[in-house]
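Given next are the chains, with one letter for each unit.
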Amino acid sequence: LTPLTQGAVARVIEQAARIAGDTTKISLHKGQLLDLIREANYWCHQGDCHHITEHHVQKAVEQKNYRQQQYQEKMLEAIARDILLIDVSGEKIAQINGLSVIPLSDAAFGRPTRITATARVGSGKVVDIERETELGGPLHSKGVMILAAYLAHTYASDFPLSLSASLVFEQSYGPIDGDSASLAELCVLLSAIAGVPIQQRFAITGSVNQLGQVQAIGGVNEKIEGFYNVCKQRGLSGEQGVIIPSANISHLVLEHKVVEASKKKRFHVYAIDTVDEAITLLTGLEAGIADEKGEFPPDSFNHRVQQRLTA
């Protein structure tokens with residue numbers, strides 16, 4: 001192999017961190033690393049260079065991604081033709097962009113998924129349509145049960161929760177499992193109850209517990225990049241972005257194109273710790289903190305939810 005420059009070695013280490021999915025660790029999987037260096041060596045010879053540089057390593061990374069993008073390109077085409085319905089601008093009540101990861105042998109890519117909710121007076125049951133149709137796995141069902149517990153704990157500690165609601169992943173035709181969409185499901189459900197629209201320029205991922213704390217999820221890089229690709233296809237407005245758990249910051253090893261877009265403030269990544277922070281970003285309304293009596297400020301989002309549940 002042609003010798004590597006210091007910059008090339010740094011780029012290989014960066015890619016090893018991406019394979020590991022953690023900025024504090026690197027993968028030592030010989031096969032993947034040797035394949036990367038050999039392909040970088042090929043591009044070095046193509047340019048009649050005497051050293052493998054970081055640009056050759058980056059070219060190897062991009063070419064590998066290109067070879068694996070056929071399914072992803074078909075998905076983006078379906079979104080561009082409005083076959084798969086995704087909004088990246090405007091605002092809608094009870095509609096949100098969730099994020100999922102599709103694994104492909106030794107690669108994976110993220111795709112946004114529209115999640116919708118309905119809410120009405122009822123007996124306090126939240127219907128998980130995925131579970132009812134036997135498409136939702138046990139971890140996803142657990143996440144939906146946590147949502148119901150959060151609603152009762154936060155808004156209805158002194159009275160029965162007179163709510164019937166439903167949640168569904170739109171245009172999903174296969175099994176769904178995991179709780180990484182539970183934050184998105186909770187936010188869209190709260191939007192349906194309060195009648196407050198959600199900004200569609202955001203996509204969101206994260207799991208949530210009964211106390212409203214946001215927890216880490218897997219595949220954060222692929223999820224961010226998946227929404228970025230859709231936004232870039234539709235045209236980056238400078239306002240679009242992804243909301244992730246703060247606990248996932250140390251896992252961010254994003255593709256260079258996403259990093260550059262973020263530096264230029266054309267795309268954004270927001271890290272949060274609580275449901276209230278997510279609601280404030282998604283709706284533009286302050287979530288509001290309950291007082292000693294459990295009542296929220298009159299102009300807050302949480303006040304609207306509480307009022308609807310007690311009406």
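Owing to the predicted nature of the structure, the values given are computational and were not obtained by experimental measurement.

(A) Examining the state of the cysteines more closely. All chains considered together, the criterion is met by zero disulfides. Cysteine cysteine 49 is unpaired, with the sulfur of cysteine 44 as its nearest cysteine sulfur at 5.0 Å. Residue cysteine 187 stays outside any disulfide, its sulfur separated by 18 Å from that of cysteine 231, the closest cysteine.

(B) Local environment of the packing of aromatic side chains. One pass over the full model with this rule turns up seven aromatic pairs. With a centroid separation of 5.6 Å and 75° between ring planes, the pair formed by phenylalanine 202 and tyrosine 270 is classed as edge-to-face. Linking phenylalanine 202 in strand β7 (residues 202-204) with tyrosine 270 in strand β11 (residues 268-272), this pair joins segments that are 68 residues apart in sequence. Tyrosine 270 gets classed as partly exposed once you look at its relative accessible area, which sits at 24%. Summarising the aromatic geometry, the rings of phenylalanine 227 and phenylalanine 267 are spaced 6.5 Å apart at their centres and angled 45° between planes, so their arrangement reads as tilted. Of this pair, phenylalanine 227 sits in helix α8 (residues 220-234) while phenylalanine 267 sits in the loop between α9 (256-263) and β11, and the two are 40 residues apart along the sequence. Judged by relative accessible area, phenylalanine 227 falls into the buried class, the value being 0%. Every member of this aromatic cluster is reached through a ring pair, and the members are Tyr150, Tyr155 and Phe296.

(C) Structural context of unusual backbone geometry. Not every positive phi belongs to a glycine, and aspartate 48 is a case in point at roughly 55°. Considering the arrangement of structural elements, one finds aspartate 48 in the loop between α2 (30-46) and α3 (54-67).

Reading the values: rules and limits
- Residues numbered from 1 in each chain as written.
- Predicted model: local features only at pLDDT ≥ 70, side-chain atom pairs only at ≥ 80, totals over all residues.
- Heavy atoms only, no water.
- Disulfide = S-S within 2.5 Å.
- Phe/Tyr/Trp six-rings, centres within 6.5 Å; stacked < 30°, edge-to-face > 60°.
- Helix = DSSP H or I, 4+ residues; strand = E, 2+ residues; numbered from the N terminus.
- Buried < 20%, exposed > 50% of the residue type's maximum accessible area, 1.4 Å probe, protein only.

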